[in-house]
Structures are given as structure tokens and as C-alpha cells.
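An overview of the molecular structure
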Amino acid sequence: MSAYDGAAHAPADPGQQYLERALALAVANVADGGGPFGAVVVTADGRVFDGVNRVTRDNDPTAHAEVVAIRRAASALGDFDLHGAVLYASCEPCPLCLAAALWARISAVRFAADRHDAAAAGFDDALFYEYFGGEGRTLMPVEHAEAPGRARPFEAWAEYAERVEY
């Protein structure tokens, strides 16, 4: 086979294989009794970390596939900063997962199904998107409460010589 023939059979988008992997993880997770979500984190140096939705299996409302994959990557790398990594998800990440990706310094996110596909299957996050968009604050009131010494934790942080900046 010539180099040209090999190139003709190579995926046009190398990231597509990770998106397909996330989809396969999601389907397999359903068969294991989990939610229909899968995610893959690919680090800048090419290491790959999978995650599946474990919310009902672990009784952990934060164990979304994307969060699980991010946790695995950060733990294995021994670093919370995943700058340069790409997160591939079987479905558009919800606000929780987007926030986790931002905190992890993920450089890009690619997803297959969108929030409307998820809503049609019974996973409707529209209220959460509205909430974070400034609408629907009655869903869960969040308010500032005066507290003496509210700055003490930050003062302790500033004085702690061995802190790890993030």
C-alpha cells in the first residue's frame, strides 16, 4: 500500500476516534446499568483517560462521565492542570461538566449529541442552563449572607507558605 493509499484510509479528523470511543463507552455503560454518557480526556502528550456516568451506580450526583474522566486524568498525572488536553464527550456537557472542564484548564471540548438530543431522551438540563444564564433563580435560591470573619479562610491561604496556586 502506498503512502497515498494509507492517507486515504486515515480518518480526516484524528479526534473522531475519541468521539466514537466516548459514544461506545456510553452505550456499554447503559448495558452495565449506568447512564448513557461517556467521555474521554486526551492529554497534550497523548495519554487517554475514559469516564462513564456513575451517578446512579455510585449514588454520586457529581459522577458525570466528563467529571469521572477528568478526575482519572488529573489523578494519574498528579496535576489538576490539564492544559492542552481535549475532552471528548458523547453528549454536550452540562453546566457541571463545563465548569469541571474549566477548572481543569481543559483546552477544548468536543461532543456528539447535543442538549436537545439529551432532553428528548429524558435528560433535560434546560433549567440549569437558564439558571446559570441568570434566569430561573427560583430553582434554587443562592444568596450572600453576612458572616463575621468571612475573609479568614482567604487570609489563612495568603499566609500559608506551602500553598499550591491554582
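Parameters at a glance
- Residues numbered from 1 in each chain as written.
- Predicted model: local features only at pLDDT ≥ 70, side-chain atom pairs only at ≥ 80, totals over all residues.
- Heavy atoms only, no water.
- Helix = DSSP H or I, 4+ residues; strand = E, 2+ residues; numbered from the N terminus.
- Buried < 20%, exposed > 50% of the residue type's maximum accessible area, 1.4 Å probe, protein only.
- Contact = heavy atoms within 4.5 Å.
- Salt bridge = Lys/Arg side-chain N within 4 Å of Asp/Glu carboxyl O.
- pLDDT = per-residue confidence, 0-100.
- Pairing = 2+ DSSP bridges.
- Axes fitted to C-alpha atoms, helices over the stretch in contact; angles between N-to-C directions.
- Phe/Tyr/Trp six-rings, centres within 6.5 Å; stacked < 30°, edge-to-face > 60°.
- Lys NZ or Arg CZ within 6 Å of the ring centre and 35° of its normal.
- Disulfide = S-S within 2.5 Å.
- UniProt positions renumbered as here; feature names shortened; annotations may be inferred.

Looking at where A101 falls in the secondary structure, it is placed in helix α5 (residues 95-103). On the basis of relative accessible area, A101 is assigned to the buried category, the value being 4%. Separated by 22 residues in the primary sequence, A101 and F123 place their C-alpha atoms 20 Å from one another. Other than its neighbours up to four places away in sequence, A101 contacts I70, L87, I106 and V109.

Even without being a glycine, N59 presents a positive backbone phi close to 50°. In this structure, N59 sits in the loop between α3 (55-58) and α4 (65-77). On the accessibility criterion, N59 (68% relative accessible area) is exposed. In this model, R105 sits at a positive phi of 65°, which is unusual for a non-glycine residue. Owing to a relative accessible area of 26%, R105 belongs among the partly exposed residues under this scheme.

Evaluated as defined, the whole model comprises seven salt bridges. Across the salt bridge formed by D60 and R71, the nearest N and O atoms sit 3.7 Å from each other. Residue D60 is found in the loop between α3 and α4, and its partner R71 is found in helix α4; the two are separated by 11 residues along the sequence. What makes R71 partly exposed here is its relative accessible area of 39%.

Let's shift gears to the confidence of the model for the protein. Note: predicted coordinates in regions of low pLDDT should not be interpreted at a detailed level. On average, residues of the protein score 89 in pLDDT, and 92% of them are at 70 or above. Contacts for the low-pLDDT stretch residues 1-10, under 50 throughout, to residues beyond four places or in other chains number two contacts.

Spatial strand order, β2-β1-β3-β4: four strands in an open sheet with mixed pairing. Two strands bound the open sheet, and with one partner strand each, they are β2 (48-52) and β4 (108-113). Taking the axes of each pair of neighbouring strands and ignoring which way they run, one obtains an average angle of 15° across the sheet. In this sheet, β2 lies alongside strand β1 (residues 38-42) in antiparallel orientation, the contact comprising five bridges. When the sheet's bridge partners are listed, V41 is paired in β2 with F49.

Below, the discussion takes up the packing of aromatic side chains. Scanning the entire structure with this criterion turns up three aromatic pairs. Relative to F123, the ring of F37 lies with its centre 5.0 Å away and its plane at 85°, an arrangement referred to as edge-to-face. With F37 in the loop between α2 (16-31) and β1 and F123 in the loop between α6 (115-120) and α7 (126-132), the pair connects residues that are 86 residues apart, well separated along the chain. Ring geometry for Y131 against F132: centres 5.4 Å apart, planes inclined by 90°, an arrangement best described as edge-to-face. Over the ring of Y129 we find R115, and its NZ or CZ is 3.7 Å from the ring centre.

Counting across every chain of the model gives zero disulfides. The cysteine C94 is free of any disulfide, with C97 supplying the nearest cysteine sulfur at 3.7 Å. Take C97: its relative accessible area is 1%, and that puts it in the buried class.

Quick look at the UniProt feature "domain: CMP/dCMP-type deaminase" (unreviewed entry) in the protein now. Sequence positions flagged by UniProt for "domain: CMP/dCMP-type deaminase" (unreviewed entry) are, in local numbering, residues 13-135. Helix makes up 45% of residues 13-135 and strand 18%, and the two end C-alpha atoms of the span are 37 Å apart.

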